[in-house]
Amino acid sequence: LYNGMDLSKICQGPNPLAERYRGKRVVLGVGNLKRTKGFDLLIEATAQLAGRYPDLQTVIVGGGTELPRLQALVRQFDVGDRVEICGFRAPLETMAYMDACEIFCLPSWLEGFGIVYLEAMAHGKPVIGVQGQGVERIVREHQTGLLVPPRDADAVARAIETLLGEPQRAQQMGHRGRQLVLQEFSWEKHAERLLTLYRDTLQQK
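Residues numbered from 1 in each chain as written. Predicted model: local features only at pLDDT ≥ 70, side-chain atom pairs only at ≥ 80, totals over all residues. Heavy atoms only, no water.

**What about the nonpolar core?**
Here is step 1: Judged by nonpolar contacts, the single largest core of 66 residues is most densely connected at Leu28, Phe104, Tyr117, Ile138 and Ile160.
Here is step 2: The dominant element in this core, judged by the number of residues it contributes, is helix 5 (residues 153-165), at eight residues.
Here is step 3: When neighbours within four sequence positions are excluded, Tyr117 is seen to be in contact with Phe104, Leu106, Ser108, Glu111, Val127, Ile128, Gly129, Val135, Ile138 and Val139. (Core = buried A, V, L, I, M, F, W, Y, C linked by side-chain atoms within 4.5 Å. Buried < 20%, exposed > 50% of the residue type's maximum accessible area, 1.4 Å probe, protein only. Helix = DSSP H or I, 4+ residues; strand = E, 2+ residues; numbered from the N terminus. Contact = heavy atoms within 4.5 Å.)

Here you go:
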């Protein structure tokens with residue numbers, strides 16, 4: 001039984017971030033800033049792609065102990081104009097970032113499931129996750145997103161470039177992901193499955 005998400009959180013109506021990122025192709029990562037989330041890989045991938053995509057903007061939302069290291073990487077790769085680390089944001093504001101991005105990328109190599117992937121998919125975004133993690137249940141290769149090997153910045157860059165280079169295909173992935181969340185991963189659906197499990201167990205006894 002997988003967790004669901006509160007569908008009422010989906011950003012609707014005018015997005016206050018729309019003007020800020022107008023003309024940008026935003027790749028978003030959301031999560032606690034800790035080593036296993038792979039934000040360092042996202043920053044390195046951004047550096048690899050910056051020369052080919054002048055409108056690329058990577059946005060990282062979250063707070064945590066990795067902040068100084070990530071800021072140092074931004075300076076090391078000279079991508080201060082391409083990487084924005086926003087810090088912690090309230091849930092509704094985070095949903096606005098989900099709505100404003102083109103691609104959601106969280107190359108976390110220690111992820112049980114990850115509600116943030118559901119939240120991005122609910123906003124119709126193609127998702128990049130890591131192979132062998134719980135997110136494989138929802139990030140279906142070439143259907144709702146792309147999966148990369150763990151700790152592989154080059155693979156993250158290739159996945160981002162694939163989605164940037166094929167926007168129609170990326171939008172189709174996002175649409176399928178949204179439908180999957182709406183149909184299978186609401187809390188109502190979770191409750192329905194839980195009740196079914198209880199009923200089946202009681203009947204067997």
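**Topic: the pattern of salt bridges**
Here is step 1: Summed over the entire model, instances satisfying the criterion amount to twelve salt bridges.
Here is step 2: Salt-bridge contacts for Arg22 lead to Glu19; the nearest nitrogen and oxygen are separated by 2.8 Å.
Here is step 3: Between Arg89 and Glu93 there is a salt bridge whose closest N-O contact spans 3.2 Å.
Here is step 4: Shared partners join several salt bridges into a network, and the residues in it are Arg35, Asp40, Glu66 and Arg69. (Salt bridge = Lys/Arg side-chain N within 4 Å of Asp/Glu carboxyl O.)

**A short note on helix 3 (residues 91-100)**
Here is step 1: Three or more residues of helix 3 are buried, namely Thr94, Met95, Ala96, Tyr97 and Met98.
Here is step 2: Its buried side turned inward, helix 3 meets strand 1 (25-30), strand 2 (56-61), strand 3 (83-87), strand 4 (103-105) and helix 4 (115-122).

**Here's the deal with the sheet that holds strand 3**
Here is step 1: Taken in spatial order, the six strands line up as 3-2-1-4-5-6 in an open sheet, and their pairing is parallel. Two strands bound the open sheet, and with one partner strand each, they are strand 3 and strand 6 (145-148). Across the sheet, the mean angle separating the axes of adjacent strands is 25° when strand polarity is ignored.
Here is step 2: Both strand 2 and strand 3 contribute to a ladder of four bridges, which runs parallel. In the strand pairing of strand 3, Val61 is matched with Gly87.
Here is step 3: Docked against the sheet, helix 1 (residues 39-49) engages strand 1, strand 2, strand 3 and strand 4, running at close to 170° with respect to strand 2.
Here is step 4: This element, helix 5, spans strand 1, strand 2, strand 4, strand 5 (127-130) and strand 6 of the sheet and lies at about 165° to strand 6. (Pairing = 2+ DSSP bridges. Axes fitted to C-alpha atoms, helices over the stretch in contact; angles between N-to-C directions.)

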